[in-house]
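# Structural description and commentary
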Amino acid sequence: MKITFLGHASLSIEVNQKVVVVDPFISGNPKNDQIRLDDLKADYILVTHAHQDHTLDVFSLAKQTGATLISNYEIITHYESQGIKGHPMNHGGSYCFEFGTLKYVNAIHSSSFADGSYGGQPGGFILSAEGQSIYIAGDTALSYDMKLIAEEFDLALSILPVGDNFTMGYADALKASQFLNCSRVMGYHFDTFGYIEMDHKAAKKHFLDYGASLDLLEIGESLVV
Ligand code: NI
Ligand code: MN
């Protein structure tokens, strides 16, 4: 799996000859001048919750690519009414897609659309493919439920929010990595806005002090698991 950071909480994952984009927020990201929405490819779009910093470009990207949306039931219903094809899931459910298997797992957060309408319950995804599993946490607080993930999956990578204020900060993300029994963490949801600016050096040192690693990619940069 090749994972490219598109900024904020947006990812592009190349897996089994498919492109899976997560939480596209490209055109409205004040820190982004590297990625052009028009250039993005997508076969599937995963959405963790309805907040605008995760859904702003869902409609445009789905229209331009014909990608299938995968999210909770309420978000899928919202976009299906606009002509986007989708696959609804809910917490605890797994489904085998052509690119791999997804499990939709708990997140502690909220999930409303920009107009205040209901966006279901927020979640994260475990993606299992090519003999490995990765955890895409979405926006969440630290939660004991993460121990359940470690009981079921041997994670190669956890992608965790680290920017604090709206989600966990990096200290709780380190605890999450311990609950998840996964020492390799990619941080996201940091620096985009003033509320979530983070000291990168301190964050990385904190992980190293506890025998874990924290990758903070530049926009457009990739890692491989
Ligand atoms: Ni959010
Ligand atoms: Mn967010």
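As the structure is a prediction and not an experimental result, all values here were calculated from the model. (Residues numbered from 1 in each chain as written. Chains lettered and ligands numbered in written order. Predicted model: local features only at pLDDT ≥ 70, side-chain atom pairs only at ≥ 80, totals over all residues. Heavy atoms only, no water.)

Each helix and strand counted, the protein has 6 helices and 14 strands in total. Rg of the C-alpha trace for the protein: 16 Å, near the compact-globule value of 17 Å for 225 residues, within the 12% margin. Dimensions of the protein, computed from the C-alpha atoms along their principal axes, are close to 50 × 35 × 35 Å. Burial status across the protein gives 54% buried among its 225 residues. Long-range contacts, defined here as pairs at least 24 residues apart, represent 60% of the contacts in the protein between residues at least 6 apart. Carbon and sulfur atoms form 47% of the exposed surface of the protein, whose accessible area is close to 9600 Å². (Helix = DSSP H or I, 4+ residues; strand = E, 2+ residues; numbered from the N terminus. Rg over C-alpha atoms; globule rule 2.2 N^0.38 Å. Buried < 20%, exposed > 50% of the residue type's maximum accessible area, 1.4 Å probe, protein only. Contact = heavy atoms within 4.5 Å. Areas by Shrake-Rupley, 256 points an atom, 1.4 Å probe, with all protein chains shown as cover.)

What follows concerns the environment of Val162. Mapped onto the elements of the fold, Val162 is located in the loop between strand S11 (155–161) and helix H5 (170–179). Separated by 46 residues in the primary sequence, Val162 and Gly116 have C-alpha atoms spaced 25 Å apart. What Val162 contacts, discounting residues up to four positions off in sequence, is Thr167, Met168, Gly169, Tyr170, Ala173, Gly187, Tyr188, His189, Phe190, Met198, Leu214 and Leu216.

Moving on, we get to the coordination of the manganese ion (ligand 2). Perfect tetrahedral coordination of a metal by four donors corresponds to 109.5 degrees between them, and perfect octahedral coordination by six donors corresponds to 90 or 180 degrees. Only Asp53 (OD), His54 (NE2), Asp139 (OD) and His189 (NE2) from the protein coordinate the manganese ion (ligand 2), and they sit 2.1 to 2.2 Å from it. Here the donor residues for the manganese ion (ligand 2) map to a single chain with the spacing D-H-x84-D-x49-H. A separation of 3.1 Å is found between the manganese ion (ligand 2) and the nickel ion (ligand 1), which are bridged by Asp139. In this pair, His54 sits in helix H1 (residues 52–55) while Asp139 sits in the loop between strand S10 (132–136) and helix H4 (146–152), placing the two residues 85 residues apart along the sequence. One exposure class covers both His54 and Asp139, and it is buried. (Donors = N, O, S within 2.8 Å, 3.2 Å for Na, K, Ca; no water.)

This part takes up the coordination of the nickel ion (ligand 1). Coordination of the nickel ion (ligand 1) by the protein is provided by His49 (NE2), His51 (ND1), His109 (NE2) and Asp139 (OD), with metal-donor distances spanning 2.2 to 2.3 Å. Relative to the metal, the 4 donor atoms surrounding the nickel ion (ligand 1) lie at angles of 88 to 177 degrees, and the coordination shape comes out irregular. Spacing between the donor residues of the nickel ion (ligand 1) along their common chain follows H-x1-H-x57-H-x29-D. (Tetrahedral: all angles 85-135°; square planar, octahedral: opposite > 155°, others 65-115°.)

Scanning the model with the defined rule gives 10 aromatic pairs in all. Aromatic pair Tyr79 and Phe113: ring centres 6.2 Å apart, planes at 65 degrees, arrangement edge-to-face. Here Phe113 lies in the loop between strand S8 (100–106) and strand S9 (123–129) and Tyr79 lies in helix H3 (residues 73–80), a separation of 34 residues in the sequence. Across the pair, Phe113 and Tyr79 agree in class, each one buried. Clustering of aromatic rings is evident, with ring pairs tying together Tyr44, Tyr95, Phe97 and Phe99. Above the plane of the ring of Tyr144 lies Lys147, whose end atom (NZ or CZ) is 4.5 Å from the centre. (Phe/Tyr/Trp six-rings, centres within 6.5 Å; stacked < 30°, edge-to-face > 60°. Lys NZ or Arg CZ within 6 Å of the ring centre and 35° of its normal.)

Time to look at the sheet that holds strand S7 (residues 94–97). For sheets, the rule is that strands pair by backbone hydrogen bonds, running either parallel or antiparallel. Across the sheet, which stays open at both edges, the 7 strands sit in the order S7-S8-S9-S10-S11-S12-S13 with mixed pairing between neighbours. The sheet is open, and its two edges are formed by S7 and strand S13 (213–215), each paired on a single side. The sheet shows a mean angle of 25 degrees between the axes of neighbouring strands, taken without regard to direction. Here S7 pairs with S8 via 4 bridges, running antiparallel. Its bridge partner being in S8, Ser94 is matched across the sheet by Lys103. (Pairing = 2+ DSSP bridges. Axes fitted to C-alpha atoms, helices over the stretch in contact; angles between N-to-C directions.)

Moving on, we come to the sheet that holds strand S1 (residues 2–7). Spatially, 7 strands are ordered S6-S5-S4-S3-S2-S1-S14 in an open sheet, and the strand pairing comes out mixed. In the strand order of this sheet, the two ends are held by strand S6 (86–89) and strand S14 (222–224), each with one partner. Taking the axes of each pair of neighbouring strands and ignoring which way they run, one obtains an average angle of 20 degrees across the sheet. Strand direction decides the pairing type here: strand S2 (residues 10–15) and strand S3 (residues 18–22), joined by 5 bridges, are antiparallel. In the strand pairing of S3, Leu11 is matched with Val22.

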